[in-house]
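# Breakdown of the fold
Listed below, chain by chain, are the residues.
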Amino acid sequence: MTIEEIIKSNVILDDAKRVILNLMYTQNFMADKFSELLKPYDLSGEQYNVLRILRGQKGLPANMSVIQERMIAKNSNTTRLIDKLLLKELVTRKVCPENRRKIEILITNKGLELLQELDPKVTAHEQFYASNLTQQELLELNRLLEKYRTLK
């Protein structure tokens, strides 16, 4: 189905506008599907992203700045996300002993176990949506999306 059919447009869209609308629609579609996957775990996509970032620290703490710069959604309220993960006992937060202005965040064993349970489901989700494309098409799509984001 074309983007014009999806949005029920009666006008012919130029290619630049079609790309933007396709990207926006696809991003929302994928975010909704990912939210459905995470819903039984009472996690948002942003909370999942924070947990993945913290797991990637391999036992070392991360401060709010490190988490924020690695977030996919740069406009996320990192403090609020951490607070919610704290309530779920998926992370810990403490003051850095060397710099009392710095807060250190660590993933808990409960958080690691949750990610371990989610890993195969997330992989299956990614593979399901990629299955309509060949390996070469996936490479090309990634190349084009990266090129699209890189303005000179």
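Summing up its helical and strand segments, the protein has seven helices and two strands in all. Overall, the protein shows an N-to-C arrangement of helices and strands of α-α-α-α-α-β-β-α-α. For the protein, the C-alpha radius of gyration of 19 Å lies well beyond 15 Å, the compact-globule estimate for 152 residues. Reported as C-alpha extents along the three principal axes, the dimensions of the protein are approximately 60 × 35 × 30 Å. A burial count over the protein gives 26% of its 152 residues as buried. A separation threshold of at least 6 residues defines the contact pool for the protein, and within that pool the share at least 24 residues apart is 48%. In the protein, 24 positive and 20 negative side-chain charges are present, and the distance between their average locations comes to 5 Å.

Right, let's get into the nonpolar core. By size, the foremost hydrophobic cluster in this structure holds 24 residues, and its most contacted members are Leu-43, Tyr-48, Val-50, Leu-51, Leu-54, Ile-67 and Leu-118. When residues of this core are traced back to their parent elements, those giving at least two are α2 (15-38), α3 (45-56), α5 (78-87), β2 (103-107) and α6 (109-130). Not counting chain neighbours up to four residues away, the residues in contact with Val-50 comprise Ile-67, Met-71, Leu-81, Ile-82 and Leu-85.

On the surface, Val-19, Ile-20, Leu-23, Met-24 and Tyr-148 cluster together to form a nonpolar patch covering roughly 410 Å² of accessible area. With four residues, the top contributor of residues to the nonpolar patch is α2. With respect to the helices, strands and loops of the structure, Tyr-148 is situated in helix α7 (residues 135-149).

To continue, consider the layout of surface pockets. By volume, the largest pocket amounts to about 1900 Å³. Together, 37 residues line the largest pocket, and Thr-26, Gln-27, Met-30, Ala-31 and His-125 are the ones closest to its centre. Counting residues per element, the ones that place at least two in the lining of the largest pocket are α2, α3, α6 and α7. Ranked by residues supplied to the lining of the largest pocket, first place goes to α2 with 10 residues. Residues of the lining of the largest pocket, tallied by class, amount to 20 nonpolar, 10 polar and seven charged.

Rules of the game
- Each chain carries its own residue numbering, running from 1 in the direction its sequence is written.
- In view of the model being predicted, local features appear only for residues whose pLDDT reaches at least 70, and side-chain atom pairs are presented and counted only at 80 or more, with totals across whole chains, interfaces and linings using the full set of residues.
- Side-chain numbers here rest on the full set of heavy atoms in the structure, without hydrogens or water.
- Segments assigned H or I by DSSP are reported as helices when at least four residues long, segments assigned E as strands when at least two residues long, and all are numbered from the N terminus.
- We compute the radius of gyration from the C-alpha atoms alone; for a globule the expected value is 2.2 Å times N to the 0.38, where N is the number of residues.
- Buried residues are those whose accessible area, probed at 1.4 Å on protein chains only, stays under 20% of the maximum for their type, while exposed residues exceed 50% and partly exposed ones sit between those limits.
- Whether two residues are in contact is decided by their heavy atoms: any pair within 4.5 Å suffices.
- Positive charges are assigned to Lys and Arg, negative charges to Asp and Glu, while His and the chain termini are left out of the count.
- One atom stands in for each charge, and that atom is NZ of Lys, CZ of Arg, CG of Asp or CD of Glu.
- What makes a nonpolar core is a set of buried Ala, Val, Leu, Ile, Met, Phe, Trp, Tyr and Cys residues whose side-chain atoms join them at distances within 4.5 Å.
- Every patch collects residues that have over 30% relative accessible area and no salt bridge, joining them within 9 Å if they carry like charges and within 5 Å if they are nonpolar side chains (Val, Leu, Ile, Met, Phe, Trp, Tyr).
- A 1.4 Å probe and the Shrake-Rupley method give the accessible areas. Residues count as covered only by the protein chains that appear here.
- Here, a salt bridge means any side-chain nitrogen of Lys or Arg that lies within 4 Å of a carboxyl oxygen of Asp or Glu.
- For cavity detection a 1 Å grid was placed over the protein atoms alone, and a set of points counts as a cavity when a 1.4 Å probe fits there but cannot get out; an open set counts as a pocket when protein lies on both sides within 12 Å along at least five of seven lines, with lining residues being those that have an atom within 4 Å of a point.
- Grid points are joined across faces, edges and corners, and a volume is the space filled by probe spheres set on the points.
- All amino acids are sorted into three groups, where Ala, Val, Leu, Ile, Met, Phe, Trp, Tyr, Cys and Pro are nonpolar, Asp, Glu, Lys and Arg are charged, and the leftover types, Gly among them, are polar.

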